Amino acid sequence: MAHSHLLLGIGTAPAHIDVRRIGFADLKDALSKGFDDFMAMPTHAMFLCVIYPVLGFVLARLAFGYPVFELIYPIAAGFALVGPVAALGLYEMSRRREAGLPVSVANAFDVVQSSSIGAILTLAFMLFAVFGLWLAVAHAIYIAHFGYAQPATIEGFIVDLFATKAGWSMIVIGNAVGFCFAVVALTLGVVSFPLLLDRDVGAAVALSTSIRAVAANPVVMAAWGFIVAALLLMGSLPFFLGLTVVMPVLGHATWHLYRKLVDPVGSPRPEHRPPPKERRYAADFPVNLIRWR
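What you see is a predicted model, and the numbers here were worked out from it, not measured in a lab.

Draft legend 1. The arrangement of helix α8 (residues 117–146) in detail. The end-to-end C-alpha distance of α8 is 43 Å, a good match for the 44 Å that 30 residues give at a rise of 1.5 Å each. Positive phi shows up at Gly147, right after α8, with a value of about 80 degrees.

Here you go:
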C-alpha cells in the first residue's frame, strides 16, 4: 500500500492530469511573476537560497585546495540539475502568496509534513543521482583528454583548457554532454516537483506529467532551459553570490510556469501532518480536558 501511494498518490487510481500548450509570452509572464514574488518577499527567499552560494564557495575552495580544478565548472553547472529540489520552499511560498495566504520562512518547510514527501524524496534522490553521474562523466571526459595527471595550478589548468587542442575539444564535448544531462533534468523536474507540492499524485504520475508537458511544448521549454542556464551562469560567476537573487527568481517563476503548463483540477491535494508538538497536544487534549474539569 505504501509503495502504491509513493508511486500513484493518495487516490485509488492513477490521476490523469491535463497539460496545456503555452507560448513565449507565458515564459515572460512567469518570469515577471517570479520577480514580483521575489520583490514581495526578498528576505525570505534570500534566507532560503543563501546556502547555495555558500555551498558553491566552499566547493570552489575545496577545489582550489586540492588538485580537482576540472570539477569547478561541472559543479557550478550542476546547480541546474538539482534546482527543482533546491526550490521546493520557494514553490510553497509562491503557492501561498498566490492563494492570498500569509507567508513566512517557516511555511517554506511545510513540505516536510506533506503526505507527498515520500514521492518528493524519491524524485530528489533521482536528481541527485543524475548530478553525481554528471560529475563522474565530466571527470571521465577530463581524463580522456588530459590523462590522470592533475594540473599543479589554476593558471596551468586555464592554459591547458584554452591554449591547447585537447582543451577546446574537452570544452565542446563537455558542454554537449552537459546539455544532454540538463535536458533530462529539466524534463523530469520542471513540473513534477511543484505538482507534488500542490497535489498528492505520486512520483510516477508526477514524472509522466512533467514529460508530457515538455513533449507538448518542446520549443518553448527548450527556450526556458536556455533562460535557466544563462541566468544560473550569470549568478555563478561572481563567486556564486548572484545565486542569492537568481535562484529565488527562477524558483518562484517555475511555480508560475507549472500553473500555466498543468491543469490539476480534480486531483487530490496533499494532507499535512501537524508538527510533533501539535500532535502531542492533540493527543493529550481529552486527558487535559478531563483534568481541567
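Anyway, onward from the coordinates.
Draft legend 2. Local environment of the environment of Arg96. Along the chain, Arg96 turns up in helix α7 (residues 88–98). Put simply, Arg96 and Asn107 are eleven residues apart on the chain and 8.5 Å apart in space, counted from C-alpha to C-alpha. There is a polar contact of 3.4 Å between the side chain of Arg96 and the side chain of Asn107.

Draft legend 3. Seen up close, a nonpolar patch on the surface. Nonpolar side chains collect at one region of the surface, where Tyr73, Leu233 and Leu237 lie side by side and expose about 340 Å² of accessible area between them. You can see Leu233 is positioned in helix α13 (residues 218–236).

Draft legend 4. Highlighting the side chain of Arg199. When you line up the elements, Arg199 lands in the loop between α11 (192–198) and α12 (203–216). On the basis of relative accessibility, which here comes to 8%, the residue Arg199 falls in the buried class. Engagement of the side chain of Arg199 in a polar contact is seen with the backbone oxygen of Ser267, the distance being 2.7 Å. Once residues lying within four places of it in the same chain are set aside, the contact partners of Arg199 are Ser116, Tyr258, Pro264, Gly266, Ser267, Pro268, Arg269 and Pro270.

Draft legend 5. Local environment of the pattern of salt bridges. Using the criterion set out here, one finds ten salt bridges in the structure. The partner of Asp110 in a salt bridge is Arg96, and the shortest N-O contact between them spans 4.0 Å. Of this pair, Asp110 sits in the loop between α7 and α8 while Arg96 sits in helix α7; the two residues are 14 residues apart in sequence, bridging distant segments of the chain. Judged by relative accessible area, Asp110 falls into the partly exposed class, the value being 22%. Through salt bridges with shared partners, a single network forms among Asp26, Asp29, Lys33 and Lys260.

Draft legend 6. Quick look at the packing of aromatic side chains. Scanning all chains against the criterion turns up seven aromatic pairs. On the basis of an interplanar angle of 40 degrees and a centroid distance of 6.5 Å, the ring pair of Phe35 and Phe38 is categorised as tilted. One end of the pair is Phe35 and the other is Phe38, both in helix α2 (residues 24–40) and three residues apart, which spans about a single turn. Accessibility expressed as a relative area gives 41% for Phe35, which makes it partly exposed. With a centroid separation of 6.1 Å and an interplanar angle of 25 degrees, the aromatic rings of Phe179 and Phe226 are classed as stacked. Residue Phe179 is found in helix α10 (residues 165–189), and its partner Phe226 is found in helix α13; the two are separated by 47 residues along the sequence. Looking at Phe179, the relative accessible area reads 46%, which means it is partly exposed. Taken together, the ring pairs in this structure connect Tyr142, Phe146 and Phe157 into an aromatic cluster.

Draft legend 7. Quick look at the side chain of Ser116. Tracing the backbone through its elements, the reader meets Ser116 in the loop between α7 and α8. In contact with Ser116, not counting residues within four places along its chain, are Leu196, Arg199, Asp200 and Pro270.

Draft legend 8. How the structure looks around the packing of α8 against α10. In the contact formed by α8 and α10, the axes pass within 10 Å of each other and the chain directions differ by 170 degrees. Between α8 and α10, the interaxial angle falls into the category roughly antiparallel. As for the relative orientation of α8 and α10, their crossing is right-handed in sense. Across the interface between the two elements, Met126, Leu127, Val130, Leu133, Trp134, Val137, Ile141, Tyr142, His145 and Phe146 from α8 touch Ala166, Gly167, Ser169, Met170, Ile173, Gly174, Val177, Gly178, Phe181, Ala185 and Leu188 from α10. Split into classes, the residues belonging to the contact of α8 with α10 amount to 16 nonpolar, five polar and no charged.

Rules used throughout
- Residues numbered from 1 in each chain as written.
- Predicted model: local features only at pLDDT ≥ 70, side-chain atom pairs only at ≥ 80, totals over all residues.
- Heavy atoms only, no water.
- Helix = DSSP H or I, 4+ residues; strand = E, 2+ residues; numbered from the N terminus.
- Expected span 1.5 Å × (residues − 1).
- Polar contact = N/O pair within 3.5 Å; in protein donor to acceptor, adjacent residues only side chain to side chain.
- Patch = residues over 30% accessible without salt bridge, like charges linked within 9 Å, V, L, I, M, F, W, Y side chains within 5 Å.
- Areas by Shrake-Rupley, 256 points an atom, 1.4 Å probe, with all protein chains shown as cover.
- Salt bridge = Lys/Arg side-chain N within 4 Å of Asp/Glu carboxyl O.
- Buried < 20%, exposed > 50% of the residue type's maximum accessible area, 1.4 Å probe, protein only.
- Contact = heavy atoms within 4.5 Å.
- Phe/Tyr/Trp six-rings, centres within 6.5 Å; stacked < 30°, edge-to-face > 60°.
- Axes fitted to C-alpha atoms, helices over the stretch in contact; angles between N-to-C directions.
- Parallel < 35°, antiparallel > 145°, perpendicular 65-115°, else oblique.
- Left-handed = near helix turned anticlockwise from the far one by under 90°.
- Nonpolar A, V, L, I, M, F, W, Y, C, P; charged D, E, K, R; others polar.

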